[in-house]
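What follows is the residue order along each chain.
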Amino acid sequence: MLKIKNLLFTFLFLVPQFFFAQYTDVINSNRPGETMSAYAVGKSVIQGEIGVYGIKEKHDLLDYDATGFGTDLTVRYGAFFEQLEFILDVQYQMENFDTPYTSYKKNNFRQTVLGAKYLIYDPYKNYKKEANIYSYKANHSFQWRELIPAVSIFAGANFVGADNPYYFSPNGDISPKVALVTQNLFGGGRWVFVTNIIADYITTDYPSYGYILTLTHGFNDKWSGFVENQGYKSDFYSDAIVRGGAAYLLSPNMQVDASISTNFKNTPSILYGGVGFSWRYDGWYKEKQIANKNKEKAKKNSDNKEEKIDYQEKERKRKAKYE
């Protein structure tokens, strides 16, 4: 297992997630990492992000081996404001456990979260970079503004059914989840650094606190890659996970991805990998853009027509005065 992990770490740094702000010409997906980006998908835009993964666990202390697979689905919808999006995040997992004495299965919703995210600060709003026509170096050098992150807040709730084996209580529960999200763009947007600071299951007997750090890099217009570190701690379960992978843009509204994850401990040791697909529908957004442009064009034509009529009236009055 240790040799496999060492090979994976090397692979993660060599393999070639896209990162864009608010509504963009290409899809803005949170996959394949676990971080939530600071920017929303855009008002009236709906987006689905789905994946499947396989998992392998080995617990040295409890002496069990587990294998299984799961699926996760995230639905994002921008509404009311450009900065706001609503998020549904669902994960279902199935595992087979083998011990020296018995075998058993575990399957249920590992996570069901419904909430909303709002962008409270964007360092690039109303900012226009002035190009230096005399210096290529000045146009491509480090900008201090890059150190200022975009900041969002997320607030939602966990919904857990009764007798869920992935939960620490046999009773069903609804508990709050909040997160602080920051995002920095470096190198003209080719590098993106995202942080999530998370407080989960806040009102339960075992609240969880954690972080996720993700660094992504766009290699070209199609390929991008990422590395990520996630840590969380509670009296119920704590861990630190590293993951990485790549994403490929099929079209402006479709993306495929693949990722691999592992941890550093053996209680249990975890190794899992998966593939995913992201798709968005932005037709309503484009219809509004076209409608707004038509309104602006009609208003401009109307203003020009009024100016023309006023000019003609003035010319008639001028001629009548001297005739």
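What you see is a predicted model, and the numbers here were worked out from it, not measured in a lab.

Caption draft 1: Quick peek at the confidence of the model for the chain. Here the chain shows a mean pLDDT of 84. Residues at 70 or above account for 77%. Counted against residues more than four places away or in other chains, residues 7–21, with its pLDDT under 50, gives 56 contacts.

Caption draft 2: The environment of Ile 46, seen in detail. Looking at the secondary structure, you find Ile 46 in strand E1 (residues 46–59). Distance from Ile 46 to Arg 280, taken between C-alpha atoms, is 5.7 Å for residues 234 residues apart in sequence. When sequence neighbours within four positions are dropped, the list of residues in contact with Ile 46 reads Arg 76, Tyr 77, Trp 279, Arg 280, Tyr 281 and Trp 284.

Caption draft 3: Focus on the pairing of strand E3 (residues 84–98). Judged from the 14 bridges that link them, strand E2 (residues 64–78) and E3 form a sheet pairing that is antiparallel. When the bridges of E3 are listed, Gly 78 appears paired with Glu 85. Where E2 folds back on E3, the antiparallel hairpin that results is connected by 5 residues, among which Phe 80 adopts a positive phi of roughly 70°. In this sheet, strand E4 (residues 103–121) lies alongside E3 in antiparallel orientation, the contact comprising 15 bridges. Bridge pairing links Val 90 to Thr 112 in E4. Once E3 ends, the chain turns through 4 residues before running back antiparallel as E4.

Caption draft 4: View of the sheet that holds strand E11 (residues 254–263). Strand order in this closed barrel of 12 strands is E1-E2-E3-E4-E5-E6-E7-E8-E9-E10-E11-E12, and the pairing throughout is antiparallel. When the angles between neighbouring strand axes are averaged without regard to direction, this sheet yields 20°. Across 9 bridges, the pairing between strand E6 (residues 173–186) and strand E7 (residues 191–200) is antiparallel. Its bridge partner lying in E7, Leu 185 is registered against Val 192.

Definitions and limits used
Residues numbered from 1 in each chain as written. Predicted model: local features only at pLDDT ≥ 70, side-chain atom pairs only at ≥ 80, totals over all residues. Heavy atoms only, no water. pLDDT = per-residue confidence, 0-100. Contact = heavy atoms within 4.5 Å. Helix = DSSP H or I, 4+ residues; strand = E, 2+ residues; numbered from the N terminus. Pairing = 2+ DSSP bridges. Axes fitted to C-alpha atoms, helices over the stretch in contact; angles between N-to-C directions.

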